[in-house]
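# Close look at the chain arrangement
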Amino acid sequence: MIKNKCIVRRRPYIHEVGVEPHYLYVICSQNTLLIGLVYNTTKTILARIDTASTDFSMFLRRGSDGSGGSSRSRNMGDKVDSFMQKVVGAITRYSVGVKNFKGYIIGTTPQLLSKLLPAMDVRMINEILKILDIRKTNMRGFNDAIEQSRDVAFFSLVRQEEILEQFFVEISEAGNTMWVSGLKSCCKMLKYRLVDTLLVAEDLIVDLRTVDPTMKNTMVHFADWIADHNESYNVNFVEKISSESIHRERFVNGYEGISARVHS
């Protein structure tokens, strides 16, 4: 699991009847960029790009990040960043329209990961379900991806349960000042940009006038809406509570399906 400052869960985890969960698999090595789909025990290669002759490969062999003082180093860094933007663009294009898309499995090295993550937006980062270090696993493309896909569907849900369990512990502690619950209280905290972490039931529908009286009378799925507007409210972490969660009923009935942890 990666650690990043802002994690925003946006895509609903909906299982379509008759459609297997699909995962976009990305292998980024020194010589090859491979993008494909893995579902059940089936694999499909969508794109294969040879990077051996690019400036990107030169960056890897030299071990430089382009942050040196020379104009040549800076130029190399710019080329690497530009290449990574193209990589992210390709990943995005191939994930659009995939039915029952669950997220990304990334196979790469720490060196490449350090360049790939900054090129992604927070929503894409949050859809990364697993990162595999290909230096250690000696994996061979999709064969390893198939094995990983057997349990990755449960990865986000398990992580979500851990977050909720920690939430229940913290909010029950005497003298708790970290968490507030309920739509009105949370919207008040959002108004003053005081929310660090927001837990929201995925089916919570909200009139935007509750958030801001000057807004139009628009009903939205609040978890998706706040994921798109988190920066406007200084929110670092949004967790959409799935209807499949074993703690969902307790969270919805006891806390109105929304709770906010304030900035420390």
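Let me begin by describing the structure that accompanies this report. Computed from a predicted structure; not experimentally measured.

Rules behind the numbers
- Residues numbered from 1 in each chain as written.
- Predicted model: local features only at pLDDT ≥ 70, side-chain atom pairs only at ≥ 80, totals over all residues.
- Heavy atoms only, no water.
- Salt bridge = Lys/Arg side-chain N within 4 Å of Asp/Glu carboxyl O.
- Helix = DSSP H or I, 4+ residues; strand = E, 2+ residues; numbered from the N terminus.
- Phe/Tyr/Trp six-rings, centres within 6.5 Å; stacked < 30°, edge-to-face > 60°.
- Buried < 20%, exposed > 50% of the residue type's maximum accessible area, 1.4 Å probe, protein only.
- Lys NZ or Arg CZ within 6 Å of the ring centre and 35° of its normal.

Now for the pattern of salt bridges. In total, this model carries five salt bridges according to the counting rule given. The closest approach of N and O atoms between Lys240 and Asp224, which form a salt bridge, is 2.6 Å. Highlighted residues: Lys240 in strand 11 (residues 237–241) and Asp224 in helix 10 (residues 222–228), separated in sequence by 16 residues.

Throughout the structure, instances matching the rule amount to nine aromatic pairs. Each ring, one from Phe222 and one from Trp225, has its centre 5.9 Å from the other, and the planes form 20°; the classification is stacked. On the criterion of helical spacing, the pair formed by Phe222 and Trp225 is a turn pair, its members being three residues apart in helix 10. Assessed through its relative accessible area of 11%, Trp225 is described here as buried. Pairwise contacts between aromatic rings join Phe167, Phe168, Trp179, Phe251 and Tyr255 into one cluster. Above the face of the Phe168 ring, Arg250 is positioned so that its terminal group lies 3.7 Å from the ring centre.

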